[in-house]
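In case you want the letters, here they are:
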Amino acid sequence: MAQTEHFAARSARSGPPVDGLSVDGLSVDRLSARMRAVGASWPPADGVAVFDGMYRRCLTAAQESVGHQRGTNQRGGRRHGGQQAFTDPRCASTLDVVFAGRYLAAVDAVADGRRPPACWRPLFQYRHHPGVRPVQFALAGLNAHMGHDLALAVVDTCRLLDCGPDDLEGDFDRVGETLVLLEERIREELLPGPGLLEIVDPLTHLIGSWSPERARDAAWSAARILWELRELPVLAGEFTERMDADAGLVGRCLLTPLQQPLATKEHTNGDPARSRTAPDEAVRHRP
């Protein structure tokens, strides 16, 4: 109890920015509102807009799960072991805010003409490619967020709350499980219907090569490694750079353009013969 109160007191105070991110005065609701405002200027077919819309729904679900835990300060079992109990909701919200802030930092970097982290570059570079399907955009964004941002968000939150990764394990479980459920929703809503199964076979193989569960587990391991390397900034920097580059490579693979872009269920009514194609134009920028 004393430890939880200590974390809550820390989270209630304004914390310093971590790697250019500041959580002062921010909340999940305000972050969601900002995403909605930013995304309003993007056309619906924009690849970043596809991810943004799905991620806002993820944030809402995460906030609801925190709300269900208000007044509960006990901790549960190990990760992936069923229903989890979480720390103080204000501490959980800190992780949510810091995590989402990293995505918005990438958006701001592109808007300002700066280079975003390598993990995000493929999504922004291919966002208008006619040969890339919505499900690919959404999963590429999720890969960048889980493969790079999640581990760094855990470390950032530990610094802000003056705790270690093990103290945030329950909160990490909640975020990770929400992201896994988001991936399931992406597949359900953005994959073409059963009538296009033969045509989408290359697409199903492509997106089946990435696993949110493995990405979640790798992020937890990376967060613990980075925390142990916190007194060795050179090694920590090299590890972070490699993690960023690896996530960028996976993202580029997920965004492999299809030779014949598929029409969505709404365009074809499940009839493969009515699927429309668009030219597979070259992308100006390479990752």
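These numbers come from a predicted model, not from an experiment. (Residues numbered from 1 in each chain as written. Predicted model: local features only at pLDDT ≥ 70, side-chain atom pairs only at ≥ 80, totals over all residues. Heavy atoms only, no water.)

**Q** Help me understand helix α9 (residues 212-228), please; the structure alone is not making it clear to me.
**A** An α-helix turns once per 3.6 residues; consequently, residues spaced three or four apart project the same way. Spanning 17 residues, α9 covers 24 Å between terminal C-alpha atoms, matching the ideal 24 Å at 1.5 Å per step. Those residues of α9 lying buried are Pro-212, Ala-215, Arg-216, Ala-219, Trp-220, Ala-222, Ala-223, Leu-226 and Trp-227. The buried residues of α9 all sit within an arc of 165° when viewed along its axis, so they share a single face. When the buried face of α9 is taken as reference, the exposed residues oriented beyond 90 degrees from it are Arg-214 and Glu-228. Close packing links the buried residues of α9 with α6 (134-161), α7 (169-190) and α10 (233-254). (Helix = DSSP H or I, 4+ residues; strand = E, 2+ residues; numbered from the N terminus. Expected span 1.5 Å × (residues − 1). Buried < 20%, exposed > 50% of the residue type's maximum accessible area, 1.4 Å probe, protein only. Arc of directions from axis to C-beta. Contact = heavy atoms within 4.5 Å.)

**Q** Help me out: how do you make sense of α6 in this one?
**A** Asp-149 marks the point of greatest bend in α6, at about 45°. Burial analysis of α6 places 25 of its 28 residues in the buried class, the great majority of the element. (Bend = angle between axes of the 7 residues up to and from the residue.)

**Q** Honestly, the packing of α6 against α10 in this entry has me stumped. Any pointers?
**A** Each pair of packed helices can be described by the angle between their axes along with the distance between the axes. Two numbers describe how α6 lies on α10: the axes approach to 9 Å, and their chain directions differ by 170°. With respect to α10, the axis of α6 lies roughly antiparallel. The residues of α10 that touch α6, namely those facing Gln-136, Leu-139, Ala-140, Asn-143, Gly-147, His-148, Ala-151 and Leu-152, are Thr-240, Met-243, Asp-244, Ala-247, Val-250, Gly-251 and Leu-254. Classifying every residue of the contact of α6 with α10 by side-chain character gives eight nonpolar, six polar and one charged. (Axes fitted to C-alpha atoms, helices over the stretch in contact; angles between N-to-C directions. Parallel < 35°, antiparallel > 145°, perpendicular 65-115°, else oblique. Nonpolar A, V, L, I, M, F, W, Y, C, P; charged D, E, K, R; others polar.)

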